Amino acid sequence: MTMIRMKPAVLALLLAAPFAAAPALAHEYTVGSLTVNHPMATATSPVAKTGAGYLTITNTGTEDDALVEVRADFPKVMMHASESKDGVATMIHQERVAIPAGETVTFAPGGLHVMFMGLKGGLEEGAKIPATLVFEKAGTLDVTFNVEAAGERKMEGMDHSGHSAPTN
């Protein structure tokens, strides 16, 4: 038997490593046969009136379902699909997003996304957005969108300036 000697600080880091990764892996939610992974929103400037959210939804069941609503504490929350035609990007409101049995649907920049509208002060990196996903068959699921730096998820070429909060 070989004995390995380590400094206490190195040993502590090695022992803590699995626990440090746990929060990142724990950002998963389940309702029925649906699993929602890593709901996140991209950080915006403090003057932004809109923000975008992303996630993946996997249906491990044998029955199709659909996401029919996303609720959050903003004046307006909508699901959109992005399309680009002749170099112009547009967004189309989605009343429902089908989640076929045995498949994964991804909300990502340049495709499906959740729009948070009527922001006051933008979305600050590190913030948490409590939300409820409403599915046609599986019911409701409370999730948290973590606000992260735009980085690779930056929505290049997407103009969200045409979205405005409803006026009261």
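Residues numbered from 1 in each chain as written. Predicted model: local features only at pLDDT ≥ 70, side-chain atom pairs only at ≥ 80, totals over all residues. Heavy atoms only, no water.

(A) Examining the overall build of the protein chain more closely. Regarding its fold elements, the protein chain presents one helix and 11 strands. Going from N to C terminus, the protein chain has its helices and strands arranged as α-β-β-β-β-β-β-β-β-β-β-β. When each of the 168 residues of the protein chain is scored for burial, the buried share is 36%. Excluding contacts between residues fewer than 6 apart, the proportion of contacts in the protein chain whose partners are at least 24 apart in sequence is 69%. Here the protein chain displays about 10200 Å² of accessible surface, and carbon together with sulfur accounts for 55% of that area. (Helix = DSSP H or I, 4+ residues; strand = E, 2+ residues; numbered from the N terminus. Buried < 20%, exposed > 50% of the residue type's maximum accessible area, 1.4 Å probe, protein only. Contact = heavy atoms within 4.5 Å. Areas by Shrake-Rupley, 256 points an atom, 1.4 Å probe, with all protein chains shown as cover.)

(B) Geometry of the nonpolar core. Counting residues in hydrophobic clusters, the biggest one holds 29 residues, and the most contacted among them are I57, L67, F107 and F135. Setting aside residues no more than four positions away along its own chain, I57 makes contact with L34, T35, V36, L67, I99, E103, T104, V105, F107 and F135. Listed in part, the six residues of the second largest apolar core include A52, Y54, M78 and M115. (Core = buried A, V, L, I, M, F, W, Y, C linked by side-chain atoms within 4.5 Å.)

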